[in-house]
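# Understanding the architecture of this molecule
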Amino acid sequence: MPGPVAFSGEDRLAVGMTLKRVLFVCLGNICRSPTAEGVFRDMAAASGVEVHTDSAGTGDWHIGKPPDPRAVAEAALRGHDIADLRARQVLPEDFDRFDLIVAMDRTNQSDLEVLRPAGNTVPVRLFLDYADSPGSDVPDPYMIGGFDRTFALIESASQGLLKALRSA
Ligand code: 4NP
């Protein structure tokens, strides 16, 4: 099994030695990306890594809404409180405001590339590139469920991302 991906030289320059600003992106911003934001911010805080985290959706259906109750319940079961988060849509300014944008699946990643302002070079990476299954998607649980499996993938990728940031 390949390990978590390391930051390339280019990414290292983008992240630098300063505060790391990480934006997690999915489709609705009510299931996967708020879970990723909540888990990653807790893990970073627990290990003393200073990060600024946020999440957003490529879609606009749930703007202003809290995470899906099933995502809130699954996170709570694993010790993370994500009930305070509120959905928003990705903005063109996000490409300048973050050092790294993390997409939950390949559709999110390609949708983000369409939104990227001309001249912007911020890395847009797939979340599971930091886990044991690089190149694959965090499955969307909104319609089909499986919040436990989604959570396990997010937890594993969060650990890998934190490791990559610490060694950047
Ligand atoms: P998420 O899940 O992208 O993980 O937040 C979804 C939530 C809502 C919808 C799609 C995916 N929706 O179509 O409303």
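Note: the structure precedes this text.
Residues numbered from 1 in each chain as written. Predicted model: local features only at pLDDT ≥ 70, side-chain atom pairs only at ≥ 80, totals over all residues.

## Here we look at the overall build of the chain
When helices and strands are tallied, the chain shows seven helices and four strands. Reading the chain from its N terminus to its C terminus gives the helix and strand order α-β-α-β-α-α-β-α-β-α-α. Taken across its 168 residues, the chain has 43% of its residues classed as buried. Residue pairs in contact within the chain that sit at least 24 positions apart in sequence constitute 72% of those at least 6 positions apart. (Helix = DSSP H or I, 4+ residues; strand = E, 2+ residues; numbered from the N terminus. Buried ≥ 20, exposed ≤ 12 C-beta atoms within 10 Å, placed from the backbone. Contact = placed C-beta atoms within 7 Å.)

## Side note on the site of the ligand
Contacts to the ligand come from Cys26, Leu27, Gly28, Asn29, Ile30, Cys31, Arg32, Trp61, Asp140 and Tyr142. Per-class residue counts for the shell around the ligand are six nonpolar, two polar and two charged. (Near = placed C-beta within 6 Å. Nonpolar A, V, L, I, M, F, W, Y, C, P; charged D, E, K, R; others polar.)

## Digging into unusual backbone geometry
Of note, the phi angle at Asn29 is positive, near 60 degrees, even though the residue is not glycine. Along the chain, the position of Asn29 falls in the loop between β1 (20–26) and α2 (32–46).

## Section: the nonpolar core
What tends to happen in soluble globular proteins is that the nonpolar side chains get buried as a cluster. Ranked by internal contacts, the top residues of the largest apolar core, which has 44 residues, are Val25, Ile101, Val102, Ala103 and Phe127. Of all the secondary-structure elements, those providing two or more residues to this core are β1, α2, α3 (69–77), β3 (100–103), β4 (124–126) and α7 (147–166). Looking at which element gives the most residues to this core, the answer is α7, with nine residues. Leaving out residues up to four positions away in the same chain, Val25 has contacts with Ser33, Ser55, Ala56, Thr58, Val90, Ile101, Val102, Ala103, Met104, Asn108 and Leu112. (Core = buried A, V, L, I, M, F, W, Y, C linked by C-beta atoms within 7 Å.)

## Things to note about the pairing of strand β2 (residues 51–57)
With seven bridges connecting them, β1 and β2 associate as parallel partners. Looking across to β2, one finds that Arg21 is bridged to His52. Handedness of the crossover joining β1 and β2 through α2 is recorded here as right-handed. (Pairing = 2+ DSSP bridges. Right-handed = clockwise from strand over helix to strand, strands pointing away.)

## Structural notes on the sheet that holds β3
Taken in spatial order, the four strands of this open sheet run β2-β1-β3-β4, and their pairing is parallel. With one partner strand each, in any of the chains shown, β2 and β4 form the two edges of the open sheet. Each neighbouring strand pair of the sheet contributes to a mean axis angle of 25 degrees, computed without reference to strand direction. Pairing analysis gives three bridges linking β3 to β4, with the strands arranged parallel. Bridge pairing in β4 places Ala103 opposite Leu126. (Axes fitted to C-alpha atoms, helices over the stretch in contact; angles between N-to-C directions.)

## With respect to the environment of Tyr142
You can see Tyr142 is positioned in helix α6 (residues 141–144). Tyr142 sits in the partly exposed class, given 18 other C-beta atoms within 10 Å. Taking C-alpha positions, Tyr142 is 9.0 Å from Arg70, a pair spaced 72 residues apart along the chain. Tyr142 has contacts with Gly28, Cys31 and Asp68, leaving out every residue within four places of it along the chain.

## Details of the pairing of β1
Along β1, six of the seven residues are buried, which leaves the element largely enclosed by surrounding structure. Summarising the sheet, β1 and β3 pair through four bridges and their orientation is parallel. Among the inter-strand pairings, Phe24 is bridged to a residue of β3, identified as Val102.

## Section: the environment of His52
The residue His52 is located in strand β2 in this model. Distance in space between the C-alpha atoms of His52 and Glu37 is 9.7 Å, their sequence separation being 15 residues.

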